[in-house]
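# Descriptive analysis of the structure
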Amino acid sequence: MIQLDSLTKVFDTPKGAVVAADHISMEVSAGEICILLGPSGCGKTTTLKMINRIIRPTSGKVYIDGEDTTGMNTQELRRNIGYVIQQIGLFPNMTIEENITVVPKLLGWDRAHYKERAREMMAMIALEPDAFLKRYPSELSGGQQQRIGVARALAADPPVMLMDEPFGAIDPINRAVIQDEFLKMQQELNKTIMFVSHDIDEAIKMGDRIAVFREGKLVQYSTPDDLLAAPKNAFVESFLGEDRALKRLNLVKVREIVSDDIGTVTPGDTLEKALAKIDDFGYQNSILMINDQRQPAGIITRSVARTTKGYCRDHFQNIPATVNLEDDLRKVASLMFAHDTTWLPCVDDEGRVCGQITQRAMTRHLGSRFRAREGDIREANATTGE
Amino acid sequence: MPIQTMKGALRALLLIAIFFSGAWSQASGLIDDFLFYLPDVQFLMGQHLWLTAVSGGLAIATAIPLGIVLSRPSMARWAESLMQVLNVGTTIPTLAVLALSMSFLGIGTVPAVFGLFVATLLPITRNTYAGLKGVSPALMEAAAGIGMSPIQRLFKVELPNALYVIFAGIRTALTINVGTVPLAFLIGAGGLGELIFTGIALYDTVMMLSGAIPTALLAIIVDALIATIAFLVVPRGVNPSRA
Ligand SMILES: Nc1ncnc2c1ncn2[C@@H]1O[C@H](COP(=O)(O)OP(=O)(O)OP(=O)(O)O)[C@@H](O)[C@H]1O
Ligand SMILES: [Mg+2]
């Protein structure tokens, strides 16, 4: 756990005092990723560097796991905090292996132990140990170097990590890959992480909580969902962008708004029965047909059911797509647009139908937070079929 | 292909030239003349190398720590002005330095070693200082942020990254040193300068060359030797010649 208590930094410059961080108070719970977000020069790096005392605070305190760090030995404090600097900063005179094992060596690990650790770290960042460990940083691409920088910070398994734009130098495609790898890693490692970014999408994707800074002040500190749904003021709102409602699609899982109230037919049902069910459930144009394992088998459209006689198994159409409970709404929206449909069946991990998701339920869910903010009656997330 | 043939032809020409000049010098008795000075050359070369080793060794042993001290952040206020003084010092001709040191310390080996020491000290100090100051701030921040102590930072990060520049300084300084030792003869310290200056005074070309040619060879050998050491010692990741 990291706690900042009225942390302040004033730089004395020839042009007068610059307040880079102004009474920052916040708390990052153990095992969480906190993103420091804000425009250039708002004090993110300054705040981060005061935690490991690269920058000495003018006033205020930093607590780690409840302990005041003011009196601690600086070197010891830093060895227990993994640090990834904005400029990567690998040591060019050392091989990749030596770079990764710097901190374990400082901590006095024995040789076999830290050598083993270097291989573990390489596996974790998905680089081939035999190919890379003996190389020098200058022989690696920028993205590979950045991964080594993260590995170096993680090598001694510090409980706390400070990361200053660790993926800044990587192209968007590889960045997404590395972000995913990192999140997977974090699920196992459960570090307490402070992470500087000025990319909103990265913040939303990576952060358990986001701290928005402006001119040295902490403006808003909340979960990504709260931030997008209820920006505290016009600055935060404009910083998040006009499409912030769409950005929330990333954050909501199908599980949260799926409706298990779904009418289905089986291949053995008559089309007449299908038409009755379509009317019963109030569906506009179609109903799902499932097999005896409850797996989606096809759809029966209203027009077919109304004009034809026979059994469902002879007159169904293919299902455009299905979504999983763990998918996010962005994927769902994309599938709906692609297949020109307003609803999709949801399946669990075994592929069995467990409900449906409708466009209306999605709009309601996203909209409810906005309406709630405007003082309207907060509507339930109830999903009504079509 | 034409270039290859040209090179081959040049090489053949060179060999023929060497052969004929050898034959000519043998015939004219030149080789015998040179051999006459061989014992002198051996003795004086020993003296010459000794002067270089002592003054150069002392200079390295002083200049590197001096450069390190000047590059410490706590010295920042003094360092730049001191480096300016050293830079002005470098522009003073070595002969003048020797003359000055003679006027304080008299004649003999001690003032010569001192003069050579001063002349050698400056380039090494300057390169050590510049090399250490040139280590990127990002590296220093990474090293500090990881939890290295100032001493660990110096030995594990700063010096290895500055080593190539420091060696360049040593190489220049020692090559100059070897080439300057002949002047030490003028204040009575011996060395190959004895043959050179006496040869000049007596219009004895053979005598002069018996001093000048070994001096030139020594300078080339010292230069190559230090380049080799640098090649082996400087880590591959920061060694442009091994990239
Ligand atoms: N050493 C310093 N001396 C004087 N002013 C400084 C110093 N370091 C930072 N500042 C000032 O403090 C403010 C905050 O800087 P900081 O580096 O924390 O910004 P940042 O939020 O990390 O920006 P960026 O996204 O560009 O990295 C800026 O106005 C900057 O000019
Ligand atoms: Mg910054």
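The rules behind these values
Within any chain, residue numbers begin from 1 and follow the written order of that chain's sequence. For this description, chains carry letters from A and ligands carry numbers from 1, given in the order in which they are written. The model is predicted, so local features are restricted to residues of pLDDT at least 70 and side-chain atom pairs to those at 80 or more, both for listing and for counting; the totals for chains, interfaces and linings are taken over all residues. Where side-chain values are given, they derive from all heavy atoms of the structure, hydrogens and water being excluded. UniProt positions are given in the numbering used here, feature names are shortened, and annotations may be inferred rather than shown by experiment. Only DSSP runs of H or I with at least four residues qualify as helices, and only runs of E with at least two residues qualify as strands; both kinds are numbered from the N terminus onward. Segmentation of the chain into domains, including their bounds, is taken from an automatic or database domain assignment. By the convention used here, residues are in contact when the closest approach between their heavy atoms is within 4.5 Å. The term buried area means the drop in 1.4 Å probe accessible area that two parts suffer when joined, counted for both and summed. Salt bridge, as used here, is a side-chain nitrogen of Lys or Arg placed within 4 Å of a carboxyl oxygen of Asp or Glu. N or O atoms within 3.5 Å of each other form a polar contact, as long as, within protein, one can give a hydrogen and the other can take it, and as long as residues adjacent in sequence are counted only when both atoms are side-chain atoms. By this rule, a helix spans an expected 1.5 Å times one less than how many residues it contains. Buried residues are those whose accessible area, probed at 1.4 Å on protein chains only, stays under 20% of the maximum for their type, while exposed residues exceed 50% and partly exposed ones sit between those limits. The arc in question is formed by the directions pointing from the helix axis toward the C-beta atoms. We call two strands paired when DSSP finds no fewer than two bridges between them. For this analysis, a ring pair means two rings from Phe, Tyr or Trp (six-membered ring only for Trp) whose centres lie within 6.5 Å, classed as stacked if their planes differ by under 30 degrees, edge-to-face if by over 60, and tilted for the remaining angles. Look at NZ for Lys and CZ for Arg. If either is within 6 Å of the ring centre and within 35 degrees of the ring normal, a charge sits over the ring. The cutoff for a nearby residue is simple: one of its non-hydrogen atoms must lie within 4 Å of the molecule or strand. Per-residue accessibility takes into account occlusion by the displayed protein chains alone, with areas from the Shrake-Rupley method and a 1.4 Å probe. Helix axes are fitted only over the stretch in contact, all axes being lines through C-alpha atoms; the angle between N-to-C directions runs from 0 to 180 degrees.

This part covers the UniProt feature "domain: ABC transmembrane type-1" (unreviewed entry) in chain B. Following the UniProt record, the feature "domain: ABC transmembrane type-1" (unreviewed entry) maps to residues 45-226 of chain B here. As annotated, residues 45-226 of chain B has a helix share of 86% and a strand share of 0%, and its two end C-alpha atoms lie 19 Å apart.

Per the domain assignment, the segments making up chain B are domain 1 (1-28) and domain 2 (37-242). Of note, the centres of domain 1 of chain B and domain 2 of chain B, computed from C-alpha atoms alone, are 37 Å apart.

Let us look at the interface of chain A and chain B. Much of the literature gives interface size as the accessible area that the parts lose upon coming together. With 24 residues of chain A at the contact, the number on the chain B side is 22 residues. It is Phe91, Asn93 and Leu106 of chain A in chain A that bury the most area against chain B; as a group they hold 28% of the surface buried on that side. Taken together, chain A and chain B are joined by two salt bridges. Glutamate 141 of chain B is paired through a salt bridge with lysine 49 of chain A; the nearest N and O atoms lie 3.1 Å apart. In this assembly, chain A and chain B are joined by eight residue pairs in polar contact (both at pLDDT 80 or more). Counting only elements with at least two residues in the side of chain A that touches chain B, the list comes to helix H2 (74-79), strand S6 (81-84) and helix H4 (102-106) of chain A.

The next point concerns unusual backbone geometry. Residue and element names in this part refer to chain A. The backbone of aspartate 65 sits at a positive phi, close to 50°, despite the residue not being glycine. Summarising the element assignment, aspartate 65 is placed in the loop between strand S4 (59-64) and strand S5 (67-68). Backbone geometry places asparagine 190, a non-glycine residue, at a positive phi of 55°. Along the chain, the position of asparagine 190 falls in the loop between helix H8 (172-189) and strand S8 (192-197).

All names here are of chain B. End to end, helix H5 (residues 94-105) covers 16 Å across twelve residues, agreeing with the expected 16 Å (1.5 Å per residue, within 8%). Turning to H5, its buried residues are Thr94, Val97, Leu98 and Ser101. Looking straight down H5, one finds that the buried residues subtend no more than 100° of arc, so they occupy a single side. Taken together, the buried residues of H5 touch helix H6 (109-133) and helix H8 (150-184). Count one or two residues on from H5 and you reach glycine 106, which has phi positive near 80°.

Glancing now at the UniProt feature "transmembrane region" (unreviewed entry) in chain B. Residue and element names in this part refer to chain B. Residues annotated in UniProt with the feature "transmembrane region" (unreviewed entry) correspond here to residues 49-70, 82-100, 106-124 and 207-234. The distance from the first to the last C-alpha atom of residues 49-70 is 30 Å, and the span holds 100% helix and 0% strand. Note that residues 82-100 is 89% helix and 0% strand, and that its end C-alpha atoms are spaced 21 Å apart.

On to helix H7 (residues 142-154) of chain A. Residues and elements named next belong to chain A. Taking 1.5 Å of rise per residue, 13 residues should cover 18 Å, and H7 covers 19 Å from first to last C-alpha, within 8% of that figure. Within H7, ten of the 13 residues are buried, which leaves it mostly tucked inside the rest of the structure. Taken together, the buried positions of H7 are Gln145, Gln146, Arg147, Ile148, Gly149, Val150, Ala151, Arg152, Ala153 and Leu154.

Here the focus is the pairing of strand S9 (residues 209-214) of chain A. Residues and elements named next belong to chain A. Pairing of strand S3 (residues 33-37) with S9, which is carried by four bridges, proceeds in the parallel orientation. The partner of isoleucine 35 across the bridge, within S9, is isoleucine 210. The pairing of S9 with strand S10 (residues 217-222) spans five bridges and is antiparallel. Looking across to S10, one finds that valine 212 is bridged to glutamine 220. The loop that links S9 with its antiparallel partner S10 comprises two residues; one of these, glutamate 215, has a positive phi angle of about 45°.

Let us look at the packing of aromatic side chains. For the coordinates displayed, the defined rule picks out eight aromatic pairs over all chains. Ring centres of phenylalanine 235 of chain A and phenylalanine 239 of chain A lie 6.0 Å apart, and the angle between their planes is 20°; this geometry places the pair in the stacked category. Of this pair, phenylalanine 235 of chain A and phenylalanine 239 of chain A both sit in helix H11 (residues 234-240), four residues apart, which is roughly one turn of the helix. The interplanar angle of 80° and the centroid separation of 5.1 Å between the aromatic rings of phenylalanine 36 of chain B and tyrosine 37 of chain B together place this pair among those described as edge-to-face. Over the ring of phenylalanine 91 of chain A we find arginine 152 of chain A; its NZ or CZ atom is 4.8 Å from the centre of that ring. Looking at arginine 209 of chain A, its charged tip hangs above the ring of tyrosine 221 of chain A, at a distance of 5.4 Å from the centre.

Right, let's talk about the site of ligand 1 for a bit. Residues and elements named next belong to chain A. Around ligand 1, the structure places 13 residues, and the nearest of them are Ser40, Gly41, Lys44, Thr45 and Thr46. Take lysine 44: an N or O atom from its side chain is 2.8 Å from an oxygen atom of ligand 1. Measuring from an oxygen atom of ligand 1, one finds a side-chain N or O atom of threonine 46 at 2.5 Å. Considered on its own, ligand 1 offers 640 Å² of accessible surface; in the complex 63% of this is hidden by protein. Broken down by secondary-structure element, the contributors of at least two residues to the shell around ligand 1 are strand S1 (2-13) and helix H1 (44-51). In terms of residue count, H1 provides more of the shell around ligand 1 than any other element does, three residues in total.

Residues and elements named next belong to chain A. Strands sit in the order S11-S12-S13 across an open sheet of three strands; the sheet is mixed. The open sheet has two edge strands with one neighbour each: strand S11 (264-265) and strand S13 (296-301). Two elements, S11 and strand S12 (residues 286-290), share two bridges in a ladder whose sense is parallel. Paired with valine 265 across the bridge in S12 is methionine 289. Its contacts with the sheet put helix H14 (residues 271-281) on S11, S12 and S13, and the angle it makes with S13 is roughly 80°.

All names here are of chain B. Positionally, serine 55 belongs in helix H3 (residues 38-71). For serine 55, a relative accessible area of 0% translates into the label buried. Engagement of the side chain of serine 55 in a polar contact is seen with the backbone oxygen of leucine 51, the distance being 2.7 Å. Of note is the side chain of serine 55, whose polar atom sits 3.4 Å from the backbone oxygen of threonine 52.

Mapped onto this numbering, the UniProt entry annotates "domain: ABC transporter" (unreviewed entry) at residues 2-240 of chain A. The span residues 2-240 of chain A is 39% helix and 27% strand, and its two end C-alpha atoms sit 26 Å from each other.

With that out of the way, let us pick up the side chain of glutamine 220 of chain A. Residues and elements named next belong to chain A. Within the element layout of this structure, glutamine 220 appears in strand S10. Of the polar contacts made by the side chain of glutamine 220, one reaches the side chain of serine 222; its length is 3.3 Å. There is a polar contact of 2.8 Å between the side chain of glutamine 220 and the backbone nitrogen of lysine 232. Among all residues touching glutamine 220, those that are not within four sequence positions of it are Ile210, Ala211, Val212, Asp226, Leu227, Ala230, Pro231, Lys232 and Val236.

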